[in-house]
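# Tertiary structure, described
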Amino acid sequence: MDFTSHDIAVIEQALQLAINAETKDSKVNHFREVLNKLQKNAAVAMHGSYLQTASQDGVRYDYDDSSDLL
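All values reported here derive from a predicted model rather than from experimental measurement.

### Section: the pattern of salt bridges
Across all of its chains, the model carries one salt bridge by this definition. Glu 33 serves as the salt-bridge partner of Lys 37, at 3.4 Å between the closest nitrogen and oxygen. Here Glu 33 and Lys 37 lie together in helix α2 (residues 25-56), a separation of four residues that amounts to about one turn. For Glu 33, a relative accessible area of 41% gives the class partly exposed.

### Comments concerning the nonpolar core
Membership of the largest hydrophobic core is limited to seven residues, which are Ile 8, Leu 15, Ile 19, Val 28, Leu 35, Leu 38 and Ala 42. Secondary structure elements with two or more residues in this core: α1 (5-21) and α2. At four residues, the largest contribution of residues to this core is made by α2.

Conventions used here
Residues numbered from 1 in each chain as written. Predicted model: local features only at pLDDT ≥ 70, side-chain atom pairs only at ≥ 80, totals over all residues. Heavy atoms only, no water. Salt bridge = Lys/Arg side-chain N within 4 Å of Asp/Glu carboxyl O. Helix = DSSP H or I, 4+ residues; strand = E, 2+ residues; numbered from the N terminus. Buried < 20%, exposed > 50% of the residue type's maximum accessible area, 1.4 Å probe, protein only. Core = buried A, V, L, I, M, F, W, Y, C linked by side-chain atoms within 4.5 Å.

The structure is reproduced here in structure tokens:
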């Protein structure tokens, strides 16, 4: 299942709300652990999907701006 950046933001917000509302330390620690994993994996996934998309689009243009130096 692919999550969008909006989905990840909503899940992060829900975990933050759960952390702030929970009184049991064991549950708070579990929520924080899941939140940390989500943030790390989301960063890797977003960066990886960007690289994959950029390398597979097949068209590259190299614009030379040196003409304005003449």
